[in-house]
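The lines below spell out each chain.
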Protein chains: 2
Amino acid sequence: MKVAGFDIGGANTDLAVIDFEGEKIESIEVDFAYLPMWSNNDDLSGVLVELIEKICPVSEIDAVGISMTAELVDAYDTKKEGVLDVVKKCEETFDCPTAYVGVEGMLSRDEIEKTPLKAAAANWIATAQIATLISDNCIFIDTGSTTTDIIPIKDGVECAIGKSDFDRSATGELVYTGTLRTNLASFLDKVQLNGNEYRVASELFAQTADVYTVLDLINPEDYVCDTFDGEGKSKTECAKRIARVVCADLEMLSMDDIVEMSRFIHQKQIEQIADGLKQVVDAQNLDLIVTTGLGKDILDRPAAELLGLEVKSMGDILTDEECVVAPAVGTAVMMNKYLI
Amino acid sequence: MKVAGFDIGGANTDLAVIDFEGEKIESIEVDFAYLPMWSNNDDLSGVLVELIEKICPVSEIDAVGISMTAELVDAYDTKKEGVLDVVKKCEETFDCPTAYVGVEGMLSRDEIEKTPLKAAAANWIATAQIATLISDNCIFIDTGSTTTDIIPIKDGVECAIGKSDFDRSATGELVYTGTLRTNLASFLDKVQLNGNEYRVASELFAQTADVYTVLDLINPEDYVCDTFDGEGKSKTECAKRIARVVCADLEMLSMDDIVEMSRFIHQKQIEQIADGLKQVVDAQNLDLIVTTGLGKDILDRPAAELLGLEVKSMGDILTDEECVVAPAVGTAVMMNKYLI
């Protein structure tokens with residue numbers, strides 16, 4: 001049985017195609033595409049098909065599972081409208097059985113159309129499925145391009161206190177910060193440099209992908225989102241954007257200054273994630289952390305270590321590429337269980 | 001003698017046309033236009049002429065003074081490139097005498113082309129000229145659509161420690177926060193609501209103009225910038241954008257909730273400005289505050305009162321409309337002094 005799992009985010013759509021023998025995974029293939037749903041959601045159907053076709057003919061797929069967070073983008077007036085639009089587009093695209101990840105398990109088309117909010121931003125439920133393969137009692141942390149999900153698991157079942165993104169932003173289970181697309185101004189008040197503290201400009205000048213490019217912590221091919229100024233992704237171009245965050249340019253700041261700033265910014269983002277993680281740890285009394293996503297080694301491991309917690313990586317059972325699209329892998333796993 | 005003073009910012013271009021009899025102001029007329037210099041700087045020349053023509057024929061203008069902050073926008077690789085581009089466009093536009101506000105006084109075209117950085121973000125020098133009309137010893141604070149300038153004046157002369165925007169962001173003399181265009185995510189980590197603390201989404205979801213519209217602190221005609229989602233500027237549309245900042249929508253939050261959030265956000269921005277103001281107060285040992293700009297009553301007065309300081313308003317000598325474009329008024333005053 002060949003199952004496709006999609007995770008349709010605001011900026012990225014991820015795919016995992018898994019061959020199952022019963023519940024056993026025979027093979028996994030993954031891919032992703034940058035699809036800004038706030039401006040290009042009419043391309044969704046085409047992108048879903050293209051992604052599958054890069055792996056195998058769509059006709060070979062026996063079932064499609066879908067999780068989403070794209071309903072939050074500002075092209076949609078309400079989450080309900082967003083969920084229903086994504087469902088409509090998926091149903092028009094596929095002939096095989098489809099179902100959707102909801103906070104209480106998979107939902108059929110009929111069910112999701114009755115209770116669309118159950119599927120809003122439920123992709124973390126899918127990811128939690130995989131974490132249980134490492135430990136039945138852990139806190140699972142997944143930092144992607146844009147957000148960080150922190151999911152407590154007890155006795156093999158996710159036990160998050162918040163069920164919506166809104167609730168989870170209060171419980172620490174959602175920290176809206178990521179490895180690529182996060183505006184530096186959103187988590188920095190001031191930047192330390194050469195013994196001074198510089199206030200940051202509240203514009204869309206530079207993002208975390210610029211910082212991790214300068215620090216060599218991500219590869220050029222990881223920088224999949226657009227730059228804020230429409231310019232290139234070289235180290236010099238990233239440095240120029242970072243300088244602008246403190247109202248400076250590369251005639252005023254050296255590359256050494258930009259690296260010093262970048263290290264400070266990196267540490268601040270680690271602390272931001274640690275703040276959410278600590279809140280979940282305190283609420284749940286769990287101390288094993290399982291990391292995944294593009295930020296698992298750059299951000300999540302240092303955040304857990306800052307709190308003195310034990311850390312394991314989903315990289316122990318999945319490849320790095322699979323970790324980056326863990327919610328899509330989990331969605332395929334849930335879809336397979338739903339059908340058998 | 002009829003002098004035009006322009007303040008060319010990243011988002012707004014302001015104009016004051018002043019009739020002088022010697023140094024004495026006979027009359028002031030002001031206007032402004034929204035001109036996003038990051039995308040539309042080729043329109044600058046046309047906008048400058050249009051603004052003047054709404055007040056009087058360009059041929060009646062005897063001299064034009066120009067101050068700027070637009071050189072920081074990301075259409076320019078460096079501030080130098082930005083300053084020189086603005087100068088080139090101004091020189092092509094006007095036949096009468098022109099000069100530019102620099103940190104050490106007015107600069108001719110030749111001087112600014114040799115030392116362009118002296119004119120980068122020097123518009124606060126122009127504003128300080130007017131503050132001296134109220135007191136020779138004060139701290140002058142001007143919150144516009146995007147930024148807040150905090151300028152110490154001793155014995156009638158501005159005595160800011162920082163001379164560039166970069167330096168001033170460290171001294172507290174520039175706080176990059178404003179009444180309209182400021183992304184809420186830039187100064188909020190968490191929002192208090194109904195006894196919970198919600199982390200904010202690091203996207204471009206809502207700006208301060210949305211908050212002050214909901215709170216009735218600005219008039220509809222003050223909301224001159226674009227909305228982040230391209231939708232309208234009604235209270236409901238503003239509320240929808242604010243809800244999105246905590247990953248919610250207007251089906252999850254009531255209008256009362258949005259007003260409670262907005263009050264909290266307003267207070268946080270007051271504290272952000274007070275933080276910069278306190279740094280300047282401590283460094284200069286001055287305790288009279290003179291406020292101006294669109295945020296003078298909404299943000300600057302409460303920030304000064306939070307610190308227990310005496311407050312006067314430039315509104316005592318200028319109209320509200322003139323206060324909003326105070327740097328343009330100051331630029332015309334400096335240009336007149338430069339010529340006589």
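Everything numeric here is computed off the predicted structure, so don't read it as measured data. (Residues numbered from 1 in each chain as written. Chains lettered and ligands numbered in written order. Predicted model: local features only at pLDDT ≥ 70, side-chain atom pairs only at ≥ 80, totals over all residues. Heavy atoms only, no water.)

## Overview of the overall build of chain A
Part 1 of the argument: Within chain A, the secondary structure is distributed over twelve helices and 14 strands.
Part 2 of the argument: Computed over C-alpha atoms, the radius of gyration of chain A comes to 20 Å, within 12% of the 20 Å expected from 2.2 N^0.38 for 340 residues, which places it in the range of a compact globule.
Part 3 of the argument: Considering only C-alpha atoms, chain A reaches an extent of 60 × 45 × 35 Å along its principal axes.
Part 4 of the argument: Of the contacts formed within chain A by residues at least 6 apart in sequence, a portion of 65% connects residues at least 24 apart.
Part 5 of the argument: Surface exposure of chain A reaches about 12300 Å², of which carbon and sulfur atoms provide 45%. (Helix = DSSP H or I, 4+ residues; strand = E, 2+ residues; numbered from the N terminus. Rg over C-alpha atoms; globule rule 2.2 N^0.38 Å. Contact = heavy atoms within 4.5 Å. Areas by Shrake-Rupley, 256 points an atom, 1.4 Å probe, with all protein chains shown as cover.)

## Regarding helix α9 (residues 255-284) of chain A
Every α-helical turn comprises 3.6 residues, leaving residues that sit three or four positions apart pointing alike.
Part 1 of the argument: Taking 1.5 Å per residue, 30 residues should reach 44 Å; α9(A) reaches 43 Å between its end C-alpha atoms and fits that length.
Part 2 of the argument: One or two steps after α9(A), the chain reaches A:Asn285, where phi turns positive at roughly 60°. (Expected span 1.5 Å × (residues − 1).)

## Quick notes on the sheet that holds strand β5 (residues 98-102) of chain B
Adjacent strands of a sheet form backbone hydrogen bonds with each other and so pair up, either parallel or antiparallel.
Residues and elements named next belong to chain B.
Part 1 of the argument: The six strands are arranged β3-β2-β1-β4-β5-β6 in an open sheet whose pairing can be described as mixed. Edge positions in the sheet fall to β3 (24-34) and β6 (105-107), since each has one partner strand and no second. Along the sheet, successive strands turn relative to each other by an average axial angle of 25°, direction set aside.
Part 2 of the argument: The pairing of strand β2 (residues 12-21) with β3 spans ten bridges and is classified as antiparallel. Residue pairing for β3: Ala16 is matched across the bridge by Val30.
Part 3 of the argument: Its contacts with the sheet put helix α2 (residues 44-53) on β1 (2-8), β2 and β3, and the angle it makes with β1 is roughly 135°.
Part 4 of the argument: The sheet strands contacting helix α5 (residues 123-131) are β1, β4 (63-68) and β5, and the helix crosses β5 at an angle near 90°. (Pairing = 2+ DSSP bridges. Axes fitted to C-alpha atoms, helices over the stretch in contact; angles between N-to-C directions.)

## Concerning the packing of α2(B) against helix α3 (residues 79-93) of chain B
All names here are of chain B.
Part 1 of the argument: Across the interface, α2 lies against α3 with an axial gap of 9 Å and an inter-helix angle of 50°. On the basis of the axis angle, α2 is oblique to α3. Crossing angle aside, the handedness with which α2 passes α3 is right-handed. Residues Leu44, Ser45, Leu48 and Val49 of α2 form the contact with α3, whose participating residues are Val86, Lys89, Cys90 and Thr93.
Part 2 of the argument: Of the residues contributing to the contact of α2 with α3, the split by class is five nonpolar, two polar and one charged. (Parallel < 35°, antiparallel > 145°, perpendicular 65-115°, else oblique. Left-handed = near helix turned anticlockwise from the far one by under 90°. Nonpolar A, V, L, I, M, F, W, Y, C, P; charged D, E, K, R; others polar.)

## Description of the side chain of A:Thr213
All names here are of chain A.
Part 1 of the argument: Structurally, the position occupied by Thr213 is in helix α7 (residues 208-214).
Part 2 of the argument: Take Thr213: its relative accessible area is 12%, and that puts it in the buried class.
Part 3 of the argument: A polar contact of 2.7 Å, which involves the side chain of Thr213, links it to the backbone oxygen of Ala209.
Part 4 of the argument: Sequence-distant contacts of Thr213, that is, excluding residues within four places in its chain, are made with Ile218, Tyr223, Lys233, Lys235 and Cys238. (Buried < 20%, exposed > 50% of the residue type's maximum accessible area, 1.4 Å probe, protein only. Polar contact = N/O pair within 3.5 Å; in protein donor to acceptor, adjacent residues only side chain to side chain.)

## What about unusual backbone geometry?
Part 1 of the argument: The phi dihedral of A:Asn285 is positive, around 60°, even though this residue is not glycine.
Part 2 of the argument: The phi dihedral of B:Cys247 is positive, around 60°, even though this residue is not glycine.
Part 3 of the argument: Under the relative-accessibility criterion, B:Cys247 is labelled buried at 1%.

## Some words on the side chain of B:Thr177
Part 1 of the argument: Inspection of the secondary structure puts B:Thr177 in the loop between β10 (174-175) and β11 (190-193).
Part 2 of the argument: In this structure B:Thr177 touches A:Ser202, B:Thr143, B:Thr146, B:Thr147, B:Thr148, B:Thr182, B:Phe187, B:Gln269, B:Gln272 and B:Ile273, once residues within four positions along its chain are discounted.

## As for the relation of the copies chain B and chain A
Part 1 of the argument: The transformation that overlays chain B on chain A combines an axial shift of 0.0 Å with a rotation of 180°, and the residual RMSD is 0.0 Å. Seen this way, the second copy is the image of the first under a two-fold rotation axis. No C-alpha of chain B approaches the rotation axis more nearly than that of B:Ser186, which lies at 2.2 Å. (Least-squares fit on C-alpha atoms with pLDDT ≥ 70 in both.)

## Topic: the pattern of salt bridges
Part 1 of the argument: All chains considered together, the criterion is met by 50 salt bridges over all chains.
Part 2 of the argument: Put simply, B:Lys190 and A:Asp275 hold a salt bridge, and the shortest N to O gap is 3.0 Å. Taken together, the residues span two chains, with B:Lys190 in strand β11 and A:Asp275 in helix α9.
Part 3 of the argument: Relative accessible area serves as the criterion here: at 35%, A:Asp275 is assigned to the partly exposed category.
Part 4 of the argument: The partner of A:Lys296 in a salt bridge is A:Asp297, and the shortest N-O contact between them spans 3.5 Å. (Salt bridge = Lys/Arg side-chain N within 4 Å of Asp/Glu carboxyl O.)

## A few points about the environment of A:Pro220
Residue and element names in this part refer to chain A.
Part 1 of the argument: Position of Pro220 among the secondary structure elements: in the loop between α7 and α8 (235-244).
Part 2 of the argument: A relative accessible area of 70% places Pro220 in the exposed class.
Part 3 of the argument: Pro220 sits 15 residues away from Lys235 along the chain, and the two C-alpha atoms are 9.5 Å apart.

## Comments concerning the environment of A:Leu15
Residue and element names in this part refer to chain A.
Part 1 of the argument: Inspection of the secondary structure assignment puts Leu15 in strand β2 (residues 12-21).
Part 2 of the argument: Along the backbone, Leu15 and Phe32 are 17 residues apart, and their C-alpha atoms lie at a distance of 5.8 Å.
Part 3 of the argument: Leaving out residues up to four positions away in the same chain, Leu15 has contacts with Ala4, Gly5, Phe6, Glu29, Val30, Asp31, Leu51, Ile52, Ile55, Val325 and Ala328.

## Examining the pairing of strand β7 (residues 138-143) of chain A
Residues and elements named next belong to chain A.
Part 1 of the argument: The element β7 is extensively covered by neighbouring structure, given that six of its six residues are classed as buried.
Part 2 of the argument: Where burial is concerned, the two faces of β7 agree: the one with Cys138, Phe140 and Asp142 and the one with Ile139, Ile141 and Thr143 are both buried.
Part 3 of the argument: Pairing of β7 with strand β8 (residues 148-154) involves six bridges; the strand directions are antiparallel. Residue pairing for β8: Asp142 is matched across the bridge by Asp149.
Part 4 of the argument: Hairpin connection, β7 to β8: the antiparallel pair is bridged by four residues.
Part 5 of the argument: Pairing of β7 with strand β13 (residues 288-292) involves four bridges; the strand directions are parallel. Of the residues in β13, the one forming a bridge with Phe140 is Val290.

## Some remarks on the interface of chain B and chain A
Interface size, as often reported, equals the accessible area lost upon joining of the parts.
Part 1 of the argument: Between chain B and chain A, the contact holds 53 residues from the first and 53 residues from the second.
Part 2 of the argument: Taken together, the two surfaces of chain B and chain A that pack against each other cover about 4300 Å², and 53% of this comes from carbon and sulfur.
Part 3 of the argument: When the area that chain B buries against chain A is broken down by residue, the three leading residues are B:Phe166, B:Tyr176 and B:Arg199, summing to 18%.
Part 4 of the argument: Counting across the chain B and chain A interface gives eight salt bridges.
Part 5 of the argument: Ionic pairing is found between B:Arg199 and A:Asp275, a salt bridge with its closest N-O pair at 2.9 Å.
Part 6 of the argument: Here chain B and chain A share 22 residue pairs in polar contact (both at pLDDT 80 or more) between them.
Part 7 of the argument: Of all the elements, helix α6 (residues 165-171) of chain B adds the most residues to the side of chain B that touches chain A, at five residues. (Buried area = accessible area lost by both parts, 1.4 Å probe.)

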